[in-house]
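Observations on chain architecture
Residues per chain, in single letters:
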Amino acid sequence: MLRDVLHLKAPGNWLNDPNGFIYYKGKYHVFFQQFPYAPVWGTMHWGHAVSEDLIHWEHRKTAVFPTKDYDRDGVFSGSGIEKDGKLYLYYSAVRYEAEDEENIHLAKDGRFVTSQAMLISDDGEQFDNFAGKKQIIPVSRDSRTADARNTRDPKVWQDKEHFYMILGSTLNDRTGRVLFYKSKDAQKWEYAGQYQNDAYGTVIECPDLFETDGAWVFAGCPMGIMNDGLAYADQAVCALADFREEDCRLKLPETYQFIDYGLDLYAPQTNVDAEGRRVMIAWMRMPEPVVSGEDERGEWIGMMCLPRVVEVSDGHIYFRVHPQVKQHFTSVVSPGDETDFTEPFYVRAVLEEGRGLDIGGYRIWAEDGCIRTDRSRVFRGLEGYRTTCCTPPLKGGYKLDVFVEPNLIEVFVNDGEYVISNIVYGLDGTMIKEM
């Protein structure tokens, strides 16, 4: 059985959004968008991995795959809850109105429709894709309520006697909006309202809404908010929210913070861990595949970030590395040390203004009250992608916790005040040098 440590990676071919992230019956379950046939985006399935500690992951067989007319062209992203001891999975079901003649895994001219569906598993291990599915919200033909194509990614939670669902959507492909539904049994859903805001892109994907530290936090992925001509115009953001559950009234500020200032991270999803902490994982977008000669995954593309605890303090949203991660490392590497760049390691440092680190060609430095990074030397000359990144101005100090693995570097600044995570290719050398 294929296993991953620390970072959950594609078991082969393609991986993107995490789905159905949940602590269920003593184990963490992460499902994920998967195209099992090639290292490219295609007809979506749900892969499945399980962990007892958020660190050591075992891949299971594909959990959810197209079987119905309404999901024949893709089991898109969604979430999971536990009810009556069973695992309820919710997903967006896609059906193409016309297929691309040269590639049936793509919709011709972007013509497809989306509905919402669910699948109930008795144990979180067995999934009846033929008899266990149910379409719960049909395709909307009234654009005032929802968009027939771009309404997706149901996130479901329970509070008191009601279950709530938030969906990402758009108004006329110009304004990002979210929809709300309510249910008493988690199966029959009624429309409960919507919210729209021009500041949140043209479409909102992967919405999440949760309460932590006495505050409501919205997280989501507005499309088209980066207009610099480079890849990844769609980004993951978060903001403190004004939300009232009884009537699903939502208000968001016009400004937000990026969840990760490396701008490779996308499709975050949160849930609570065994200790009740709000934990986030997310997809790290990769521009090209990796060829693995060490296990059966072969050529693969797509991986998850380290699990992060989401906390709110003094009106700021922090993303702190999960305590289990640091417990996994028996020693910390220091600047000037030699280490094996083929295995994950952890660097702790406190920088001074104008000083920095060079980790196998990946540069981190402090400048003008911010932390900056440059991966241009370890990105294989790939064009059209951002190679330099920067945090907003910091509250004070340059404390770094840097987690390094062969294809991903995650820089936690000042205990999660901001994070910069970057995909890398070809880290060189064995020495961590001071700059």
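In the block above lies the structure referred to throughout.
For the structure given in this document, a descriptive report is provided here. (Residues numbered from 1 in each chain as written. Predicted model: local features only at pLDDT ≥ 70, side-chain atom pairs only at ≥ 80, totals over all residues. Heavy atoms only, no water.)

Looking now at the overall build of the chain. Looking only at helices and strands, one finds 1 helix and 36 strands in the chain. Taken over the C-alpha trace, the chain has a radius of gyration of 21 Å; the compact-globule value for 435 residues is 22 Å, and the two agree within 12%. Overall, the chain is about 60 × 45 × 45 Å in size when its C-alpha atoms are taken along their principal axes. When the 435 residues of the chain are sorted by exposure, 59% land in the buried category. Nonlocal contacts in the chain, meaning residues at least 24 apart in sequence, comprise 55% of its contacts between residues at least 6 apart. Surface summary for the chain: the accessible area is close to 17200 Å², and the carbon and sulfur share equals 45%. Across the chain, the mean location of the 47 positive side-chain charges is 5 Å away from that of the 69 negative side-chain charges. (Helix = DSSP H or I, 4+ residues; strand = E, 2+ residues; numbered from the N terminus. Rg over C-alpha atoms; globule rule 2.2 N^0.38 Å. Buried < 20%, exposed > 50% of the residue type's maximum accessible area, 1.4 Å probe, protein only. Contact = heavy atoms within 4.5 Å. Areas by Shrake-Rupley, 256 points an atom, 1.4 Å probe, with all protein chains shown as cover. Lys, Arg positive; Asp, Glu negative; His and termini not counted. Charge placed at Lys NZ, Arg CZ, Asp CG, Glu CD.)

Looking now at the sheet that holds strand S28 (residues 345–350). Taken together, 4 strands build an open sheet; the order of strands is S28-S33-S34-S35 and the sheet is antiparallel. Taken across any chain shown, the strands that pair with only one partner, and hence form the sheet edges, are S28 and strand S35 (418–423). Sheet twist, expressed as the average angle between the axes of neighbouring strands with direction ignored, equals 15°. In terms of strand pairing, strand S33 (residues 399–405) meets strand S34 (residues 408–413) through 6 bridges, oriented antiparallel. Within the sheet, the bridge partner assigned to Val 402 lies in S34 and is Val 411. (Pairing = 2+ DSSP bridges. Axes fitted to C-alpha atoms, helices over the stretch in contact; angles between N-to-C directions.)

Moving on: the environment of Val 325. Residue position: Val 325 is located in helix H1 (residues 323–328). Each C-alpha atom of the pair Val 325 and Leu 6 lies 7.2 Å from the other, and the pair is 319 residues apart in sequence. Excluding anything up to four places from it in sequence, Val 325 contacts Leu 6, Ile 55, Leu 306, Pro 307 and Phe 403.

In terms of burial, strand S2 (residues 13–24) is a largely internal element, 11 of the 12 residues being buried. Bridge analysis of S2 against strand S24 (residues 299–301) gives 2 bridges, and the strand direction is parallel. Bridge pairing in S24 links Trp 14 to Ile 301. One ladder, built from 7 bridges, connects S2 with strand S3 (residues 27–35); its direction is antiparallel. Bridge assignment links Ile 22 to a residue of S3, and that residue is His 29. Adjacent in sequence and paired antiparallel, S2 and S3 are bridged by 2 residues, among which Lys 25 carries a positive phi angle near 50°.

This is a description of form; function is not addressed.
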